[in-house]
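# Chain and residue survey
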Amino acid sequence: MTIYTAMPLELVLDGMGNEPGPFVETTVKGMTVQLVPVAPGVGRIVRLLSAPLDCYLKTEYAPGQLIGYMPQDEPIPPASSLYDVPRFGM
Amino acid sequence: MSDKEKPGQTSEQPGPQSEEARKQSATEAVVQLGQTTVPSAESHVFCLTIIGQIEGHLILPPQNKTTKYEHVIPQLIAAEQNPKIEGLLIVLNTVGGDVEAGLAIAEMISSLTKPSVALVLGGGHSIGVPIAVSADASYIAETATMTIHPIRMSGLVIGVPQTFDYLEKMQERVTRFVIGHSKVSEQTFKELMFKTGELTRDIGTTVIGQDAVKHGLIDAVGGVGDALRELNRRIKERKVKTGAKEGAIMQ
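Position numbers for residues start from 1 in each chain and track the written sequence from start to end. Written order determines the labels here, with chains lettered from A and ligands numbered from 1. It should be noted that, the model being predicted, local features are given only for residues of pLDDT at least 70 and side-chain atom pairs only at 80 or more, the latter also being counted only at that level, while totals for whole chains, interfaces and linings use all residues.

## Considerations on the overall build of chain B
Summing up its helical and strand segments, chain B has eight helices and eight strands in all. Across the 251 residues of chain B, 35% fall into the buried class. Of all intrachain contacts in chain B linking residues separated by at least 6 positions in sequence, the fraction that spans at least 24 positions is 68%. Working definition: helices are DSSP H or I runs of at least four residues, strands are E runs of at least two. Numbering for both runs from the N terminus. Exposed residues have 12 or fewer other C-beta atoms within 10 Å of their own C-beta, buried residues have 20 or more, and partly exposed residues fall in between, where C-beta atoms are placed from the backbone. Whether two residues are in contact depends on their C-beta atoms, placed from the backbone: they are in contact if these lie within 7 Å.

Okay, structure coming up:
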């Protein structure tokens, strides 16, 4: 890999040894995205890992944009379904 | 394509968002993230901005503003195959970056079938030069600069001839592309690249606005108005050509 830049390389590569991230990989609106979490349920897009081609043309999915990543597609199961044991008229 | 996509919805061309859905997504963005994007009017021109460092094989530290090539490449493919997009405006303000990523973007732009116009604003340095010349037509703002200098490795002591040969080959790739896609001659470009006494830290040249045009690197000095006018002219020309072709096939 060769970097060809007019900027001094020591400025460009400063902090190169630091671990990037932490990253979260999640599926949002049919896209698999890599995010850096900034708040609970909100992440900054790092890159789209797998997405419909048209998503790349939308500015709201460009790297650096904020996106909500709570699982929206899966319906939350009703509380009653969590109990497998039948209740007997209590 | 994700498994969660609904049947009948293709990954290439989802139907246009309805007004209701658009409003809903805007409200959702405000509620969830406290931000929203300005609703864009339907445009037949796709604007690709290339800023900061062009990031390729290595994730650069966060103080760098970067253009990620893994995002730009699918963007260019999407723009090429989307029937609503008729032309591309490439706006550059870059300080350079990864050689391979830069050349990949430049090759992609030069092989598009849709008209493309590049506009250098601020700067189009180092690997930004092949990207600037890759479009069908190129413009540079009067105050914009382009730094042409050799590829080097900072802090590296060249101890073996192979390292020198490798850097020379990398440089040859860039030189060949620029010469092939602009009016600059090999001799002039190499003269600019190896000129001494102009850059304090390096050998090379900084060409400003009119100088870039004089050397044949860029087609004309101009701003966004000129670039868009040229792009629209090329779009119209292409439409006439494709219309004539279709007419000939019908006959």
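Picking up where we left off.
## Examining the overall build of chain A
When you go through chain A residue by residue, the secondary structure sums to one helix and five strands. Helices and strands in chain A line up, N terminus first, as β-α-β-β-β-β. Expressed as a percentage of the 90 residues in chain A, the buried residues total 22%. Put simply, of all contacts in chain A between residues at least 6 apart along the chain, 25% involve residues at least 24 apart.

## Some points on helix H3 (residues 99-110) of chain B
In a regular helix each residue adds 1.5 Å, so twelve residues correspond to 16 Å; H3(B) covers 16 Å between its end C-alpha atoms and thus fits that length. Every buried residue of H3(B) is listed here: B:Val99, B:Ala101, B:Gly102, B:Leu103, B:Ile105, B:Ala106 and B:Ile109. A helix's residues, less one, multiplied by 1.5 Å, set its expected span.

## What to know about the interface of chain B and chain A
Quite often, the size of an interface is put as the accessible area lost when its parts meet. With 44 residues of chain B in contact, the opposing surface of chain A contributes 37 residues. When residues of the side of chain B that touches chain A are traced back to their parent elements, those giving at least two are helix H1 (19-33), strand E1 (45-55), helix H2 (69-81) and strand E3 (87-98) of chain B. Among the elements that make up the side of chain B that touches chain A, the one with the highest residue count is H2(B) (seven residues). Put simply, Ala, Val, Leu, Ile, Met, Phe, Trp, Tyr, Cys and Pro go in the nonpolar bin, Asp, Glu, Lys and Arg in the charged bin, and everything else, Gly too, in the polar bin. A breakdown of the residues in the side of chain B that touches chain A according to their chemical character gives 17 nonpolar, 20 polar and seven charged. Here, strands pair whenever DSSP counts at least two bridges between them. One ladder, built from three bridges, connects strand E1 (residues 3-5) of chain A with E3(B); its direction is antiparallel. The residue bridging A:Ile3 from the neighbouring strand is B:Asp98, located in E3(B).

## Overview of the confidence of the model for chain B
Residues and elements named next belong to chain B. This prediction gives chain B a mean pLDDT of 84; 82% of its residues lie at or above 70. The pLDDT score gives, residue by residue, the confidence of the prediction method on a 0 to 100 scale. Low pLDDT (under 50) marks residues 1-15, which in the prediction has 19 contacts with non-local residues, meaning those over four places away or in another chain. Scored as a complex, the prediction yields pTM 0.79 and ipTM 0.73.

## Points about the packing of H3(B) against helix H5 (residues 161-181) of chain B
Residues and elements named next belong to chain B. Two elements in contact, H3 and H5, have axes whose closest approach is 11 Å; the angle formed by their N-to-C orientations is 20°. With respect to H5, the axis of H3 lies roughly parallel. The interaxial crossing formed by H3 with H5 has left-handed handedness. Every residue of H5 that contacts H3 at Val99, Leu103, Ala106 and Ser110 is listed here: Met170, Arg173, Val174, Phe177 and His181. Across the contact of H3 with H5, the residue classes tally to six nonpolar, two polar and one charged. Axes here refer to lines fitted to C-alpha atoms; in helices the fit is confined to the stretch in contact. Angles between the N-to-C directions go from 0 to 180 degrees. Should an angle fall under 35 degrees it is called roughly parallel, over 145 degrees roughly antiparallel, and 65 to 115 degrees roughly perpendicular, with every other angle called oblique. Handedness of each helix crossing follows the sense of rotation of the near helix against the far helix: counterclockwise by less than a right angle gives left-handed, clockwise gives right-handed.

## Concerning the packing of H2(B) against H3(B)
When two helices pack together, their arrangement is captured by the angle between the axes and the distance separating the axes. All names here are of chain B. Look at H2 against H3: their axes get within 10 Å of each other, and the N-to-C directions meet at 10°. Judged by the inter-axis angle, H2 sits roughly parallel to H3. Of the residues in H3, those in contact with Tyr69, Val72, Ile73 and Leu76 of H2 are Ala101, Ala104, Ile105, Met108 and Ile109.

## So, the sheet that holds strand E5 (residues 66-68) of chain A
Remark on secondary structure: sheet strands pair via backbone hydrogen bonds, oriented parallel or antiparallel. All names here are of chain A. The strand order across the open sheet built from four strands is E2-E3-E4-E5, with neighbouring strands paired in antiparallel fashion. Edge positions in the sheet fall to strand E2 (24-28) and E5, since each of these pairs with one other strand and no more. Going across the sheet, the axis of each strand differs from the next one's by a mean of 55°, ignoring polarity. Note: strand E3 (residues 31-39) against strand E4 (residues 42-50), seven bridges, orientation antiparallel. Residue pairing for E4: glutamine 34 is matched across the bridge by arginine 47.

## What to know about the pairing of strand E5 (residues 137-140) of chain B
When a strand is regular, its side chains alternate between the sheet's two faces. Residue and element names in this part refer to chain B. In this sheet, E5 lies alongside strand E4 (residues 116-124) in parallel orientation, the contact comprising four bridges. Bridge assignment links valine 120 to a residue of E5, and that residue is isoleucine 140. This β-α-β element, E4 to helix H4 (residues 128-134) to E5, shows right-handed connectivity. Look down the strands so they point away from you; if going from the first strand over the helix to the second traces a clockwise path, that crossover is right-handed.

## Notes on the pairing of E4(A)
Residue and element names in this part refer to chain A. Once E3 ends, the chain turns through two residues before running back antiparallel as E4, passing glycine 41 with a positive phi of about 85°. In terms of strand pairing, E4 meets E5 through three bridges, oriented antiparallel. Residue pairing for E5: arginine 44 is matched across the bridge by leucine 66.

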